[in-house]
Amino acid sequence: MLREHGITPTHQRIEIAHVLFDRQEHLSADQILTSVNARHAETSKATVYNTLKLFLEKKLIRELVVDPAKVVYDPNTTPHHHLYDVTTGQLTDIPAGEVRVTGLPQLPPGVETEGVDIVVRTRPRGSGPEHQIFCSGRRLSRSTT
Ligand SMILES: [Zn+2]
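In this text, all values refer to a predicted model and were calculated from it rather than measured experimentally.

Cut-offs applied
Residues numbered from 1 in each chain as written. Predicted model: local features only at pLDDT ≥ 70, side-chain atom pairs only at ≥ 80, totals over all residues. Axes fitted to C-alpha atoms, helices over the stretch in contact; angles between N-to-C directions. Helix = DSSP H or I, 4+ residues; strand = E, 2+ residues; numbered from the N terminus. Parallel < 35°, antiparallel > 145°, perpendicular 65-115°, else oblique. Contact = placed C-beta atoms within 7 Å. Nonpolar A, V, L, I, M, F, W, Y, C, P; charged D, E, K, R; others polar. pLDDT = per-residue confidence, 0-100. Left-handed = near helix turned anticlockwise from the far one by under 90°. Pairing = 2+ DSSP bridges.

So, the packing of helix α1 (residues 11-23) against helix α3 (residues 45-57)
With their axes 10 Å apart at the nearest point, α1 and α3 run at an angle of 70 degrees to one another. When the interaxial angle is binned, α1 and α3 end up roughly perpendicular. Across the interface between the two elements, Gln12, Arg13 and Ile16 from α1 touch Thr47, Val48 and Thr51 from α3. Residue composition of the contact of α1 with α3, by class: 2 nonpolar, 3 polar and 1 charged.

Quick look at the environment of valine 19
The topology assignment puts valine 19 in helix α1. With 14 residues separating them in the primary sequence, valine 19 and leucine 33 have C-alpha atoms 9.2 Å apart. Every residue in contact with valine 19, bar those within four places of it in the chain, is listed here: Ile32, Ser35 and Val36.

What to know about the confidence of the model for the protein chain
Of the residues in the protein chain, 88% have a pLDDT of 70 or more, and the chain-wide mean is 86. Confidence scores differ between elements of the protein chain, with strand β7 (residues 138-141) showing the lowest mean pLDDT of 47 and α3 the highest of 96. In this model residues 131-145 is a low-confidence stretch, pLDDT under 50, and it forms 8 contacts with partners more than four residues away in sequence or in other chains.

Observations regarding the packing of helix α2 (residues 29-39) against α3
α3 packs onto α2 with a crossing angle of 120 degrees between their chain directions and a minimal axis gap of 10 Å. The element α2 and its partner α3 pack so that their crossing is right-handed. Judged by residue contacts, Ala29, Ile32, Leu33 and Val36 of α2 engage Lys45, Val48, Tyr49 and Leu52 from α3. Class assignment for the residues of the contact of α2 with α3 results in 7 nonpolar, no polar and 1 charged.

A short note on the sheet that holds strand β3 (residues 80-85)
Spatial ordering of the open sheet is given by β4-β3-β5, a layout of 3 strands whose pairing is mixed. Of all strands in the sheet, those bounded by a partner on one side alone are β4 (91-95) and β5 (119-122). Taken over all neighbouring pairs, the strand axes of this sheet differ in orientation by 25 degrees on average, direction set aside. Note: β3 against β5, 4 bridges, orientation parallel.

Structure, rendered in structure tokens:
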């Protein structure tokens, strides 16, 4: 598979590809590093990042920036969207057909749409800021006056 995408299959690249494509999950670079090293130690963080960059360039995987602190790599490159549980950090795929986007803005001249990625953020009912105010780790009940 790596060769088909013009990637020279080194031992470490094969290990990283296994982690991504066997599990079919959304993994962060750190999770990938941990998984790779659980099987064969000695893969550096730099190697993981370089390999991910290469896989991205060759469109083998997709990068998903859920928030600035959470970047994951998606082995599913077909068009789809995501549900993101902000409490647990769980990401789930939404089939592309279940979301319809209308009213996209007019694009600047000379460009075309490459894709539209939607992340639907969810939280447990009633846990929003309109119900509770969090203040330095302590939960304060909202004034009813
Ligand atoms: Zn996905």
